[in-house]
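Spelled out, the chains give:
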Amino acid sequence: MSLPHPRVYAAESIDTPFGVFPLDRAAAVEFPSGLPGFEQCGRFVLLAPEELGPFSCLHAVEGPPASFLVVDPREVVPDYQVALSQTDLLRLGCHPGEPMILLSLVGFDEAGAPYANLRAPIAINPARMRGCQVLPHQSPHLLRYPLSIAPR
Amino acid sequence: MLVFTRKRDETIIIGNGIEVRVLRIGRDGVRIGVTAPPEVPVHRREVYDLIREENRRAADSAAPVHAARATRCGPTDGG
């Protein structure tokens, strides 16, 4: 999942709030319904520069500008699990039990402390390069789970 | 907005295959059953709104952190 170093410029590059990265449009993940609040963002790239680890950046390459700091919820809560509905599986084009990339959006509270949205994670099916945000009807997970790790 | 009067067990049909049925009418609420094709997500409005607001907040609150970090590291100095 790690991408070439930002110093390696491609013909087409992508300008994010934290640096310029080569853009490989073939590596874009399709989000057929976008994300709630960003419904027109139909394609995203996942930028995972080493120095940002364990965080990465989910950056829209279609629709209005949108850039998110994300973290794998399993890095936050080791036994993290999310139930995917039949609708989610259809949207992702995958079968139950197939490996899935999970990402939680990271936000910052009024005091600047980071938290991760564990309740509504983003799921990406790497085999089909399709993603969606999972909105469970019921979830034991916090909408704002305080993070003990912060971006460097 | 289309407005209907429905009694218990009566339904409305939306498009091809979305059915909304009144299951029970109580004093404080109406219990509704939704039948939709599996590819159509159905959410409580307030759940969708909550996640939408959190998404917007995540985009807004992370950007300054990214920007501050970019200023420190510089996009081209090799981190």
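Quick note: structure is the one above.
Residues numbered from 1 in each chain as written. Chains lettered and ligands numbered in written order. Predicted model: local features only at pLDDT ≥ 70, side-chain atom pairs only at ≥ 80, totals over all residues. Heavy atoms only, no water.

When you look at the overall build of chain B in this model, what are you seeing that I'm missing?
In terms of helices and strands, chain B carries one helix and three strands. In chain B, the succession of α and β elements from N to C terminus is β-β-β-α. Residues counted as buried form 16% of the 79 residues belonging to chain B. Of the contacts made within chain B by residues no fewer than 6 positions apart, 0% connect residues no fewer than 24 positions apart. Summed over all atoms, the accessible surface of chain B reaches about 5800 Å², with 53% contributed by carbon and sulfur. (Helix = DSSP H or I, 4+ residues; strand = E, 2+ residues; numbered from the N terminus. Buried < 20%, exposed > 50% of the residue type's maximum accessible area, 1.4 Å probe, protein only. Contact = heavy atoms within 4.5 Å. Areas by Shrake-Rupley, 256 points an atom, 1.4 Å probe, with all protein chains shown as cover.)

So what exactly am I meant to see when it comes to a nonpolar patch on the surface here?
Residues and elements named next belong to chain B. On the surface, Ile 25, Val 30, Ile 32, Val 34 and Val 42 cluster together into a nonpolar patch covering about 420 Å² of accessible area. Examining the composition of the nonpolar patch, we find that three residues originate from one element, strand β3 (residues 30-35), more than from any other. By the element assignment, Val 30 lies in strand β3. (Patch = residues over 30% accessible without salt bridge, like charges linked within 9 Å, V, L, I, M, F, W, Y side chains within 5 Å. Salt bridge = Lys/Arg side-chain N within 4 Å of Asp/Glu carboxyl O.)

Mind showing me how you'd approach the sheet that holds β3 of chain B here?
Strands in a sheet are paired, the pairing made by backbone hydrogen bonds, and the direction either parallel or antiparallel. All names here are of chain B. Spatially, β1-β2-β3 is the arrangement adopted by the three strands of the open sheet, whose pairing is antiparallel. The open sheet has two edge strands with one neighbour each: β1 (11-14) and β3. When the angles between neighbouring strand axes are averaged without regard to direction, this sheet yields 20°. Both β1 and strand β2 (residues 18-25) contribute to a ladder of four bridges, which runs antiparallel. Within the sheet, the bridge partner assigned to Ile 13 lies in β2 and is Glu 19. (Pairing = 2+ DSSP bridges. Axes fitted to C-alpha atoms, helices over the stretch in contact; angles between N-to-C directions.)

By themselves, these figures tell us nothing about what the structure is for.
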